[in-house]
Every structure is written in structure tokens, then in C-alpha cells.
Number of protein chains: 2
Amino acid sequence: MDLTERKRKILRAIIENYIATAEPVGSKTIASHPALNVSPATIRNEMADLEALGLLEQPHTSAGRIPSPKGYRVYVNELMEDYRLSVQETRKLNEALHLKMRELDQVIDQAGRVLSQLTSYPAFALSSGASRVTIQRFDLLMVSSDSFIIVVMTDNNVVRNRLVRLPSDLNEAQLQLLNTLLNTTFTGLTLDEITPELMRVASHAAGEAYGLISLVVSFAMDVLEHLEQRTVHTAGIANLLSHPEYRSLERAAPLMSYLSEDQDAERFPVPQGDPMEILIGPENVADALKDTSVVVASYDIGDGMRGVIGVVGPTRMDYAKITARLSYFADGLSRLFEQGELPPGDQGTEQP
Amino acid sequence: MDLTERKRKILRAIIENYIATAEPVGSKTIASHPALNVSPATIRNEMADLEALGLLEQPHTSAGRIPSPKGYRVYVNELMEDYRLSVQETRKLNEALHLKMRELDQVIDQAGRVLSQLTSYPAFALSSGASRVTIQRFDLLMVSSDSFIIVVMTDNNVVRNRLVRLPSDLNEAQLQLLNTLLNTTFTGLTLDEITPELMRVASHAAGEAYGLISLVVSFAMDVLEHLEQRTVHTAGIANLLSHPEYRSLERAAPLMSYLSEDQDAERFPVPQGDPMEILIGPENVADALKDTSVVVASYDIGDGMRGVIGVVGPTRMDYAKITARLSYFADGLSRLFEQGELPPGDQGTEQP
DNA sequence: TTTAGCACTCGCACTCTCTGAGTGCTAATG
DNA sequence: CATTAGCACTCAGAGAGTGCGAGTGCTAAA
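Note that this is a predicted model, so its numbers are computed, not measured.

A.B. asks: Help me get a handle on the overall build of chain A, residues and values and all.
C.D. replies: A tally of helices and strands in chain A yields 11 helices and 11 strands. Viewed in the frame of its principal axes, chain A has a C-alpha envelope of about 90 × 40 × 35 Å. A burial count over chain A gives 55% of its 352 residues as buried. For chain A, long-range pairs separated by at least 24 residues make up 61% of all intrachain contacts whose partners lie at least 6 apart in sequence. Total accessible area computed for chain A in this model is approximately 15100 Å², and 50% of it derives from carbon and sulfur atoms. For chain A, the distance from the average position of its 32 positive side-chain charges to the average position of its 47 negative side-chain charges is 10 Å.

Here you go:
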């Protein structure tokens, strides 16, 4: 978008003013801007040009101008200055990064919540959904004569467990046997590769303990399935209400519902190339997001997995501030996972 | 509250009408009720009496009456008829109870979400927060020369684990030693009883592996701490917006914010004696709930723990329907946990 | 004790008007 | 020729006034 320097200045001034006030901005306001030194009439001419270019819009004839999505796009790509986080801000962000390490799901959930607080917009966080995960090993730990613990570890270092109680007794030797059988038969397989056929063969080989095989394997399959599945966590939906564009329920309700109806990760955007992406208004695929903006970033969880975290807000968003904060936060998350202060695995693992 | 039979009928008719329509109800509407056979004028007199008793309120002079919180209380205690769940409803509820068994936290979260869907009100679920949990046993599983898995099991049958990587190597014998030391020193202790003193002594006894002791024990302490802590999960907050009383943001926003600000379980009511409790408007302790009603039920998780789940809505709530559904749902949860189809422990345990 | 009749109240929806911010156009200016 | 002052015009939003109708309380009769 090649514009004269003056047009760029005017566009930027309008957008920044509108971001700050949420009111359509008129020629007079901009004329008084220190960087410009022209009369309102001149500004009006320029504004008309910018509107013709599709960068500005007029809510109604006698109102000022507001930026169009295209206008925001030009602003974000070309005009916006990097926002420098203040010392207080970095401090606050660093503090917020002291997430208690626990299961990955919970960390992700908490990260979203914290991000929402930091930005005062609703936030979402997607769990990464690794593909083609396999079981690396099984361990069976005897607890008592009628109960034991299954421990399953996957090839991306997730460890999960379950306590099982049985109606019938069981001795250490049987458990040992079962353990070996599981490790020889079911390790290195993806979810698809664990066929009923295989189960049948294994059950047969297990002798008396044939029932246990399916118990243990179905747990393992659960683990794999859960890892391959992507889930959404949303937080801070009520934050929407603090922004003037959502003071009417007609605007707020659909978006809130959209954000509430969890579960289906596909509906949320994911950064494609860069680690951070900004989607403005109609650039969003989802209908419900067509007049909101989404800023989304990815971070490194380790073991080849990437997490995704983002915020949703009105197109009139303080992009400079939000992108600065979000990228700092995402970097912080990557660093935490790298240092092993957070668990890469679903079930609390650590790599000092 | 001793009222004449007719007053009771009128009160009940007014409340049920108001619950259905959300509009103040006038004498004429009630007079046409089949169970009553009197003129509007008579109803008006009775209504005036009921208002004097504090059971009804008038939004303004020329409007009909609406029930007061006290009126709802009388309705709930004395007038309300048990709502019989339809076949479809029980089927739907039963289907909803097919929660995937995973960690307790996730089950609780999901239960809340499902409840919210079933009732179309926001729901909350509290994790139970057991007190005085102790570690029952430790297991250390060697993964490679520089990594192992910690498995910790508590006396209320929660099993959790973590994968640990070390900068230095470690052999099976050392791990064995460490394992025994942990089991002899730290089992049967509550969080408070694990003192720095004890840690020092144990570290000393551990010889070379002294660093690992603190690593493992701090993980165990994390587990205990998490179990003792009560957390809140809320779901379906956007459901509020579908009810006419929350169509103005002044009403909706504070409640939404209240429900969003998770984390502090104390703010939510818990059934005191009975397994189910109804709190109407000002009966709630929390200011933000003063003009909402809360229906809350508890269910049995097993191992002496009880879960709490409830819904929040306007005082004009269909108490009969909600209580019927909630109690059925809570019973279903208890049954599921009892049958062991869900994990009593934090980390997926099972008791067939 | 119940009911019909009636005057009265008051929120709500509607219309109308006024105001002021902001525009586009035109003609004058450096 | 770009810039600017001047001016008529537009239009959303606020505020005032109005009529409607649902619903009440009171009174007197049945």
C-alpha cells in the first residue's frame, strides 16, 4: 500500500485515536495532532481519499471516520511502531509466568487464564495434539494382592498411570509375565496399529490374565487418543464486557457463546508460518469472528510439540501492546518448557 | 408459613406463571386459572395480603406481582410439586453421564460443563479438597541411565507420576536405595509433617543421591498440596444471556465476572446437611449472588471424598425441574464413581 | 365474603424537536 | 495547484411530551 507520507501519518493518527477512544474521529481532532500541521479541511480531503481506498469507513454521514479492517491491516503491517514493554509490564509478565508445573492440560489452561488477565481480553489456548504417538513402555506396579498400578510412557515422554482393582487375586509373578508380554507386544505401535486381531493374539498368550490385557491396553489407547486430540481452553470471557463494542448483547452474546462452546479446536486459528499472527475481522474464517480480531502465537513445548495461545477482541484492539505482550508471554512459555520448569508430558515430567 | 388453601393456590399459580413467562402476573391471569374459581377482584385482595406477608412484590404500582425471595422459599419448601423427569430427559441425562474417565479434575470440569448444557444455566463444580492426605508409597522406575519416573500414591488412592531427567548418570542400585529410603522415611506423613529437618536427615542418609531426595519429595508435596486444595470449575457462563433477566449488561456483567474469577472455591456455596440445597437470592452469602439463586448438590467420589456441583441462575428459576435434574445427575455421578467407571484419584484410578 | 364498577397510577412505546458534531463543496488565497 | 476559510447540509442521539393499556385499590352492592 503506497501512500503519501501525509496520508500515512493521518491514517495512523486516526487509528491510534480510535483505538484509544472507541469514538469515530473527525477532521478537527486529527488537525490538532502535533505531527500534522494542516487545517481540518485538508484533512477532510485526505480522509475522503483514504475512504475511497477502503482504509476508512463512515458509520453515518455526519460522523467521523473509523478504520476499516483493511485500514487496520495496513496499520499493523506498515504503520504500527513496536510497543516497548515497560519495566512494570515485564515484571508483571514474568510473575505471571510462574505457572505451577502440573499436567500439561492444566498448565495450558492456566496460561490462557493468565494471558486473559494480562490483556483484559478473552484468551484461548490449544493443546497441541501430537500425531502418531506410540507407547514406549509399560510398567505394572503391585499395590496389594488385588490391585496394581499401570504406568504407561509414550515416545514423546508423556507418562500416565491408573490404579486398577481386581475382583480376583494376582501374584507378583503373573504381573511380571503380563508386563513383559505388554512390552514385547504393544510398544512402538500407534493407535491405529493396535488391532482387535493383535489383542486377541496377546490375550491368548496371556493365559489366565487375558482379561487384564484388554484393561491395560485400553487404558494405553485412552492415553494415545487423548494425546492426539486437540482441545481448547478458553478464559476470561467476561472480559469482553469491559470493552464498549460489546456493551450491547447482540454483539456480545454470539461471540461469548462461540468462545464458550469449547472442545472443538478446529474453530480457532493457528499461526501458519510466523510464530505470531494477527487476524483482523473478516480475515477470520469462523463466522462468529468476522468482526473481531484474533492475535495468536505459538510456543515450544518440547518433544516436537507446539502450543498455541491467543486472545480475541474487537477489531479496535491495541495491536501494538497486545502483540508485544503476547509474544513476550509466548517466548516465556517456550523458555519455561525448555528449562524444564514445566512438564512437556501430559502427566508432569521434568527435564532439568 | 400457614396460609389458607386458597392463598397457597394463588401463590403457587403466580410463581409458576412468573417462572414460565418472566412477566409480572396480574389478578386477571390468575383468576382464569382452572384450579381457582373466583373473580379478579378477590384475587387482588388475596394478592394484597400475600404482599403484606412479604411473599410477593410489586415492581411498580400499575404492574402485576412478582414473587419475593421469601415467596420462592415458601414455594420451594411447601408448594412445589416434584417434577417427574420424562423418559427423554432421563435418557439424555444418562447419556450425559458417559464421562470419559480421566483425571478427577477433568471429570469434574466436564461434569460441570455437561450440567450447564442440561440446565441451560451456568454451572460450577468444586473439587473436593481432602484433608490430611498422606503418601502411601513411592516407586521409582528407571527409564534410561539419566532419567526415571517417580510414581507417588497417596492413602486415598490417588496415583501421580513425573518423568525426571538428570544431568548425571544413575544406576539401578542407587535408585533402589533411594526408593527404600523414601518409603521408609516419607510414607504416612501429611504435608505439615514433612519438615525441612526431616528432609535434611533424609538427604544425609541418601549419600550421593541427596539432591534427588528433595526432587522427589517436593513432587510428592506438590501432589499432597494439590489434593488438599479446592478448586472451582465454571462452565456455560454464556448461558446466562439466554435468560431475560440478564439481557441488560448491568445485571449480567457482575455475575459473569464473579463466575469467571475462578480459583477461589470458598466463594461458592456447598450443601450443608442435605445432599442438595437451594439458596434463593439474599440467602446467598456472596454479594454478587444476592439476586440470583443457586442450586447445589453433592455426590460421592469415594475414598471419603465428596464432590460438589451446582447451577446459578435468576431467582426466577424452574426449581422443580432444576432440582430434579440436578439430583438425578448428582446421583448418577455418585453411582459412576462407586462402580469405578470414573477415577476416584486425581490420576485415573479404577475399581471394577 | 365475594364481586362488579370505576377512578387512578405509571411504565412503555412512540413521536417530535433540537442540538451539535462532522461532512462535502465552493470559492478565495499564497 | 495545493491549501484553507466559509457555509449549507446531514444525521444520530438526547430530551420532552403524549397516548395507551395493563393493572391496581377502593367502594358499594349482592
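Back to the write-up after that little detour.
A.B. asks: Give me the packing of aromatic side chains: which residues, what numbers.
C.D. replies: Applying the stated criterion across every chain yields a total of 8 aromatic pairs over all chains. Seen in terms of ring centroids, Tyr299(B) and Phe337(B) are 5.9 Å apart; in terms of plane orientation they differ by 10 degrees. Their pairing is stacked. Residue Tyr299(B) is found in strand S9 (residues 292–302), and its partner Phe337(B) is found in helix H11 (residues 319–339); the two are separated by 38 residues along the sequence. In this structure Tyr299(B) comes out as buried when scored by relative accessible area, which is 1%. On the basis of relative accessibility, which here comes to 1%, the residue Phe337(B) falls in the buried class. An aromatic cluster is present here, built from Phe124(A), Tyr258(A) and Phe268(A) joined pairwise through their rings. Stacked on the ring of Tyr258(A), the Lys or Arg Arg267(A) has its end atom at 4.4 Å from the ring centre.

A.B. asks: Please set out the sheet that holds strand S10 (residues 305–314) of chain A residue by residue, giving values where relevant.
C.D. replies: All names here are of chain A. Here 5 strands make up an open sheet; going across it, the order is S7-S3-S10-S9-S8 and the pairing antiparallel. Two strands in the sheet have a free side with no partner beyond their single neighbour: strand S7 (232–235) and strand S8 (276–280). Averaged over all pairs of adjacent strands, the angle between their axes in this sheet comes to 20 degrees, without regard to strand direction. Bridging between strand S9 (residues 292–302) and S10 involves 10 bridges; their strand directions are antiparallel. Bridged to Asp 300 within S10 is Arg 306. Relative to the sheet, helix H11 (residues 319–339) contacts S8, S9 and S10, its axis offset from that of S9 by approximately 15 degrees.

A.B. asks: Residues and numbers for the protein's contact with DNA strand D, please.
C.D. replies: In the vicinity of DNA strand D there are 20 residues, among which Arg6(A), Thr42(A), Thr61(A), Ser62(A) and Ser27(B) approach most closely. Among the atoms of DNA strand D lying within 4 Å of the protein, the sugar-phosphate backbone contributes 76%. Note that a phosphate oxygen of DNA strand D is positioned 2.7 Å from one of the side-chain N or O atoms of Arg6(A). The contact in question runs from a phosphate oxygen of DNA strand D to an N or O atom on the side chain of Arg65(B), over 2.9 Å. At the level of secondary structure, the elements contributing two or more residues to the surface near DNA strand D comprise helix H3 (40–52) of chain A together with helix H3 (40–52) of chain B. Counting residues per element, the surface near DNA strand D draws most heavily on H3(A), at 4 residues. Along the lines of polarity and charge, the residues of the surface near DNA strand D split into 4 nonpolar, 12 polar and 4 charged.

A.B. asks: Requested: an account of the sheet that holds strand S3 (residues 123–126) of chain B, with residues and values cited.
C.D. replies: Residues and elements named next belong to chain B. Judged by pairing direction, the sheet is antiparallel, and its 5 strands sit side by side in the order S7-S3-S10-S9-S8 without closing on themselves. In the strand order of this sheet, the two ends are held by strand S7 (232–235) and strand S8 (276–280), each with one partner. Taken over all neighbouring pairs, the strand axes of this sheet differ in orientation by 20 degrees on average, direction set aside. Summarising the sheet, S3 and S7 pair through 4 bridges and their orientation is antiparallel. Note that in S7 the partner of Ala 125 across the bridge is His 233.

A.B. asks: Outline the protein's contact with DNA strand C, supporting the account with residue identities and numerical values.
C.D. replies: Taken together, 20 residues lie around DNA strand C, and Ser27(A), Arg65(A), Thr42(B), Thr61(B) and Ser62(B) are the ones closest in. Sugar plus phosphate, as a fraction of atoms of DNA strand C within 4 Å of the protein: 78%. Taking Arg65(A), its side chain carries an N or O atom lying 2.9 Å from a phosphate oxygen of DNA strand C. Ser62(B) has a polar side-chain atom sitting 3.1 Å from a base oxygen of DNA strand C. The set of elements that each furnish at least two residues to the surface near DNA strand C consists of H3 of chain A together with H3 of chain B. Ranked by residues supplied to the surface near DNA strand C, first place goes to H3(B) with 4 residues.

A.B. asks: Could you give an account of the pairing of S3(B), with specific residues and numbers?
C.D. replies: All names here are of chain B. On S3, burial covers both faces: Ala 123 and Ala 125 on one face and Phe 124 and Leu 126 on the other are all buried. Relative to strand S10 (residues 305–314), S3 runs antiparallel, the two sharing 4 bridges. When the bridges of S10 are listed, Leu 126 appears paired with Val 308.

A.B. asks: Describe unusual backbone geometry, with residues and values.
C.D. replies: A positive phi is found at Ala22(B), a non-glycine position, where the angle reads about 65 degrees. Turning to its location among the elements, Ala22(B) is positioned in the loop between helix H1 (5–21) and helix H2 (27–31).

A.B. asks: Go over the environment of Thr323(A), please, and point to the residues and values.
C.D. replies: Residues and elements named next belong to chain A. Looking at the secondary structure, you find Thr 323 in helix H11. Linking Thr 323 and Ala 297, residues 26 residues apart in sequence, is a C-alpha distance of 8.9 Å. Each residue touching Thr 323, except ones within four places of it in the same chain, is listed here: Met 80, Met 276, Ile 278 and Val 295.

A.B. asks: If you had to explain the pattern of salt bridges to someone new, which residues and values would you point to?
C.D. replies: It is possible for side chains of opposite charge to pair when their charged atoms get near one another. Residues and elements named next belong to chain A. Per the counting criterion, the structure on display carries 32 salt bridges over all chains. Salt-bridge contacts for Arg 230 lead to Glu 266; the nearest nitrogen and oxygen are separated by 3.4 Å. Residue Arg 230 is found in the loop between helix H9 (210–228) and S7, and its partner Glu 266 is found in the loop between helix H10 (249–260) and S8; the two are separated by 36 residues along the sequence. Look at Arg 230 and you get partly exposed, because its relative accessible area is 25%.

A.B. asks: Could you give an account of the packing of helix H1 (residues 5–21) of chain A against H3(A), naming the residues involved and the relevant values?
C.D. replies: All names here are of chain A. Running from N to C, H1 and H3 cross one another at 85 degrees; their axes reach a closest spacing of 10 Å. For the element pair H1 / H3, the angle class is roughly perpendicular. In this structure, H1 uses Arg 6, Lys 7, Ile 10, Leu 11 and Ile 14 to contact H3, whose residues at the interface are Thr 42, Ile 43, Glu 46, Met 47, Asp 49 and Leu 50. When its residues are assigned to classes, the contact of H1 with H3 shows 6 nonpolar, 1 polar and 4 charged.

A.B. asks: I'd like a description of the layout of surface pockets, backed by residues and values.
C.D. replies: All names here are of chain B. Of the pockets and cavities examined, the second largest pocket occupies roughly 290 Å³. Considering the residues around the second largest pocket, the lining is formed by 16 residues, among which Ile 19, Ala 20, Asp 318, Ala 320 and Lys 321 are closest to the centre. Mapped by element, the contributors of at least two residues to the lining of the second largest pocket are H1 and H11.

The rules we used
Residues numbered from 1 in each chain as written. Chains lettered and ligands numbered in written order. Predicted model: local features only at pLDDT ≥ 70, side-chain atom pairs only at ≥ 80, totals over all residues. Heavy atoms only, no water. Helix = DSSP H or I, 4+ residues; strand = E, 2+ residues; numbered from the N terminus. Buried < 20%, exposed > 50% of the residue type's maximum accessible area, 1.4 Å probe, protein only. Contact = heavy atoms within 4.5 Å. Areas by Shrake-Rupley, 256 points an atom, 1.4 Å probe, with all protein chains shown as cover. Lys, Arg positive; Asp, Glu negative; His and termini not counted. Charge placed at Lys NZ, Arg CZ, Asp CG, Glu CD. Phe/Tyr/Trp six-rings, centres within 6.5 Å; stacked < 30°, edge-to-face > 60°. Lys NZ or Arg CZ within 6 Å of the ring centre and 35° of its normal. Pairing = 2+ DSSP bridges. Axes fitted to C-alpha atoms, helices over the stretch in contact; angles between N-to-C directions. Near = heavy atom within 4 Å. Polar contact = N/O pair within 3.5 Å; in protein donor to acceptor, adjacent residues only side chain to side chain. Nonpolar A, V, L, I, M, F, W, Y, C, P; charged D, E, K, R; others polar. Salt bridge = Lys/Arg side-chain N within 4 Å of Asp/Glu carboxyl O. Parallel < 35°, antiparallel > 145°, perpendicular 65-115°, else oblique. 1 Å grid on protein atoms, 1.4 Å probe; cavity = no way out; pocket = protein on both sides within 12 Å on 5 of 7 lines; lining within 4 Å. Points joined across faces, edges and corners; volume = space filled by probe spheres on them.

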